[in-house]
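Structural description and commentary
What follows is the residue order along each chain.
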Amino acid sequence: MDYLEGLNPSQRAAVEQLKGPVMIVAGAGSGKTRVITYRVAHLIRNGVDPFSILVLTFTNKAAKEMRERITSVVGDAARNIWMGTFHSVFARILRVEAQHLGYPSNFTIYDTDDSKSLIRTILKEMQLDDKLYNANFVYNRISSAKNNLISAAEYQKNEQIQAEDNSTGRSFLGQIYQTYTQRCFKAGAMDFDDLLFKTNVLLKNHPEILYKYQNKFKYLMLDEYQDTNFSQYLIVKKLAAIHENLCVVGDDAQSIYAFRGANIQNILNFEKDYPDVKVYKLEQNYRSTKNIVNIANSIIAKNKNQLKKDVFSNNETGDKIKIIRAFSDNEEGKIVAENIVQKRSISGSKYKEFAILYRTNAQSRAMEEALRKLGVPYKIYGGTSFYQRKEIKDLIAYFRLTFNPNDEEALKRVINYPRRGIGNTSVERIMIAANQQNIGLWDVIKEAPTYLDNRTASAVAPFSTLIQSFQAIASDHNAFDTAMHIAQHSGLLRDLYEDKSVEGLSRYENIQELLNGIKEFSEREDIEEKGLDVFMQDIALLTNEDNDKDPNADTVSLMTIHSSKGLEFPYVHIVGLEENLFPSQRSLNSRSDLEEERRLFYVALTRAEKNVYISYATSRYQWGTLNNCEPSRFIDELDPQYLDLDFKPRMESSGPASSFANERAGWQQNQSDQHGDTYFKPKPKIKQKTTSILPKAHVPSENFSPSDTSKLQVGMEVEHERFGFGKVVNVEGKAPDMKATIFFKELGQKQLLLKFAKLRII
Ligand code: ATP
Ligand code: MG
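Calculation rules
Residues numbered from 1 in each chain as written. Chains lettered and ligands numbered in written order. Predicted model: local features only at pLDDT ≥ 70, side-chain atom pairs only at ≥ 80, totals over all residues. Pairing = 2+ DSSP bridges. Helix = DSSP H or I, 4+ residues; strand = E, 2+ residues; numbered from the N terminus. Contact = placed C-beta atoms within 7 Å. Axes fitted to C-alpha atoms, helices over the stretch in contact; angles between N-to-C directions. UniProt positions renumbered as here; feature names shortened; annotations may be inferred. Buried ≥ 20, exposed ≤ 12 C-beta atoms within 10 Å, placed from the backbone. Parallel < 35°, antiparallel > 145°, perpendicular 65-115°, else oblique. Left-handed = near helix turned anticlockwise from the far one by under 90°. Near = placed C-beta within 6 Å. Nonpolar A, V, L, I, M, F, W, Y, C, P; charged D, E, K, R; others polar. Expected span 1.5 Å × (residues − 1). Arc of directions from axis to C-beta.

Here we look at the sheet that holds strand β15 (residues 569–574)
- Ordered by their spatial adjacency, seven strands build an open sheet running β13-β14-β12-β15-β16-β11-β19, and the pairing between neighbours is parallel. The open sheet has two free edges, formed respectively by β13 (378–380) and β19 (643–644), since each of these has just one partner strand.
- Two elements, strand β11 (residues 321–326) and strand β16 (residues 608–617), share five bridges in a ladder whose sense is parallel. Note on β16: the bridge partner recorded for R325 is Y616.
- Sheet contacts for helix α15 (residues 329–347): β11, β12 (354–358), β14 (556–560), β15 and β16; angle to β16, the most-contacted strand, approximately 155°.

Some details on the UniProt feature "binding site: ATP" (unreviewed entry) in the chain
- Here, the residues flagged by UniProt with the feature "binding site: ATP" (unreviewed entry) are A26, G27, A28, G29, S30, G31, K32 and T33.
- Tracing the backbone shows S30 in the loop between β1 (22–26) and α2 (32–45).
- Dropping the residues within four chain positions of it, S30 is found in contact with L282, E283, Q284, N285 and V311.
- Among the secondary structure elements, T33 is positioned in helix α2.
- C-beta crowding within 10 Å serves as the criterion here: with 20 such atoms nearby, T33 is assigned to the buried category.
- Sequence-distant contacts of T33, that is, excluding residues within four places in its chain, are made with D223 and G566.

Some points on the packing of helix α4 (residues 86–97) against helix α10 (residues 192–205)
- Relative to each other, α4 and α10 sit at 55°, their axes nearing to 9 Å. Relative to α10, the element α4 lies oblique. The crossing of α4 and α10 is left-handed. The residues of α10 that touch α4, namely those facing F86, H87, F90, A91, I93, L94 and E97, are F192, L195, L196, K198, T199 and L202.

A short note on the pairing of β1
- Counting buried residues along β1, five of its five residues qualify, which places the element largely inside the surrounding structure.
- By the alternation rule, side chains of β1 split into V22, I24 and A26 and M23 and V25, which are all buried.
- Sheet analysis places β1 next to strand β8 (residues 278–282), joined by five bridges and oriented parallel. When the sheet's bridge partners are listed, I24 is paired in β8 with Y280.
- Direction of pairing for β1 relative to strand β7 (residues 246–250): parallel, over a ladder of four bridges. Looking at β7, one finds that I24 is bridged to V249.

Digging into the site of ligand 1
- Lining the immediate environment of ligand 1, one finds 19 residues, of which G31, K32, T33, R34 and Y286 sit closest.
- The biggest single contributor to the shell around ligand 1 is α2, with three residues.
- Looking at the shell around ligand 1 residue by residue, the class counts come to four nonpolar, 10 polar and five charged.

A word on helix α6 (residues 135–147)
- In this model α6 runs 18 Å from its N-terminal to its C-terminal C-alpha over 13 residues, within 8% of the 18 Å that 1.5 Å per residue would give.
- Residues V138, R141, I142, A145 and K146 constitute the buried set of α6. The buried residues of α6 occupy an angular sector of 135° when the element is viewed end-on, so they sit on one face.
- Along its buried surface, α6 packs onto α5 (112–125), α7 (152–157), α9 (173–186), α10 and α12 (230–239).
- Backbone geometry just after α6 places L149 at a positive phi near 60°.

Comments concerning the sheet that holds β8
- Taken together, six strands build an open sheet; the order of strands is β3-β2-β6-β7-β1-β8 and the sheet is parallel. For this open sheet the edge positions go to β3 (82–84) and β8, each flanked by a neighbour on one side alone. Taking each pair of neighbouring strands and ignoring which way they run, the sheet shows an average axis angle of 10°.
- Looking at chain direction, strand β2 (residues 53–56) and β3 are connected through three bridges and run parallel. Counterpart to L56 in the pairing with β3 is G84.
- Sheet contacts for helix α1 (residues 9–16): β1 and β8; angle to β8, the most-contacted strand, approximately 150°.

Considerations on unusual backbone geometry
- With an omega of -10°, the peptide bond between Y417 and P418 qualifies as cis.
- Structurally, P418 can be placed in the loop between α18 (408–414) and α19 (424–437).
- Following F582, the chain continues to P583 via a peptide bond in cis, the omega torsion being 10°.
- The residue P583 is located in the loop between β15 and α27 (591–605) in this model.
- Despite not being glycine, L149 has its phi angle at roughly 60°, a positive value.
- Looking at the secondary structure, you find L149 in the loop between α6 and α7.
- When the 16 C-beta atoms within 10 Å are taken as the criterion, L149 is described as partly exposed.
- Backbone geometry places E224, a non-glycine residue, at a positive phi of 50°.
- A count of 24 C-beta atoms within 10 Å places E224 in the buried class.

Spelled out as structure tokens, the structure:
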């Protein structure tokens, strides 16, 4: 039992407790995920059938890593463990049981775009104001109802909900929800939330099916339990009801999905649900230095709502946490990128040891630009998934239609792409006929002469024949042959091939990449069913990371803090620590929202093993305007004894501001690099001179006091509290949103929002 030696006594006790309900509530980096991994290995070593183990993880990637680790202990048997995210595991089960819900087993999974597009169609049909009933808003409202297991019928009956909707003037939400549900059903489609909602319906309405899975999954394990929502909680509770071999691990301090309905009450209730639960505490953090653990503790201590824990580290004390101030978001990016280059060369580390974490996806732009300028290879996690690209979605829409012609979102997507003379008017005619007859769009198309006028009918006839020919091919060909046939005969491949622009070329290559993936799938020897329908099953659930061809590439990782959960990196930059950004503006109204932001900050800090750099900018472009920013209150909350406030990232100057020639070289390098492990190679262009990259701070004149800026005019000379002396080159807008462009002697041109700017007119 060599592997057990890699555990401390409490971890080991939790691993060896194979039966009954087990809960581990422990701080970040204390080995919770490690306990789950070893526990699965230990179960199998003790003769438990891997098919009877169900492990639910936060990402597919986490599941994959766990499986690899378990394989190293128990060998090939690990292949048979049921392991993955809630969505992927229950999608798989729903396919088997679909007929009990009246769904076809090859039901489509609508992604967020499909759902919102359907919502827009419904709004249009109901002639509702799409500002009041904004599609995002409606989607979130339906999503939250589903995650609380409130069906459309219950939604409409619930007086409290109705009162709430009426008070905001959105009394049609219930009806939209109802229509949305009916349309999904008719289209043979489930959205993301349905995968959990329908699983609950299945387990509730079909006791025999519940019984079957209760006996199948004799051992259940859940990572990141603090972030499960009610729908997920109930599935697990039901499945575990007979054997009660349920092990959950979590950290209330890392609960960051309350906005999606995750409920930390789950942790608190576990002891009530399972009175004979064995609770284990893990307090030693193995991941981070003492300074990092201490500073993270100092932050989370400010939250009132938390379970008491004493997390400590026996690792070295390590460096203090460094605070970096920048003048703008672009400058912040520059400092971060330069710091990474410098730190890497001093410590001899790899790019993949660095992560840049931000509160919102929009912040990645400035970071990317700066990294690219220095030729630093990077990878963005959770960005637009490969499967979300337009050309990929188009081809997949043909695949979806082939297996499920009732899939109306797919149908609308490609009925006239590539163009085949079925314009908007024809599509509207089809939709009207379908609504009148209360049948699906496909039913109308298939029987076009019955339901449509001659012209429209003859326009859609070839399309109908085309899809039916795809169905015939799919029935007796493997995934690759079917996919290739569809790509060619739909006209999509030709359409992309004929587009000779750079974007067109890259779209064509993406299609090739998808087809290559399908070919690989068709050649796999470990699966029997190799039809395109099998390949398609989970495609809507895949993310960027799942398509990562080279997960070990040496690249800096960029991601939101939300997607960094559970991960670890030696060096972590947390950027954009500014009021209204982090904590976000929306969180400022309530204590509980603010506490959630603080937990998010705790998650960010605890990703780091050796160094944390926290940065903020004093001005930032947001929604197209330049705003002055204040440092985040979270910086003030950090215990100063662990901080290095004077940190000035210094590096060997990269010479005059990078010329275009350098950028072009980097670009060409990027283009010619086919292997993907280095997207942007670093340029070895470093001079000897060492200068600080932070502009010298301006010391305001003795008589400095901000003037009334409403009188500001072009040509005036001014002094700014921090940026120094300058001249006004442009004034625009009206008070209070008046902006001025000023050319500062030291810093060059800047645009300032005058209501925040501390300026003196000279
Ligand atoms: P998080 O809360 O961030 O999800 P966690 O509690 O799941 O963290 P792990 O990721 O399991 O923690 O472990 C953190 C790090 O500490 C990992 O690198 C892990 O390999 C290491 N580790 C955990 N326990 C031990 C141990 N007993 N001996 C040595 N290393 C350990
Ligand atoms: Mg973990």
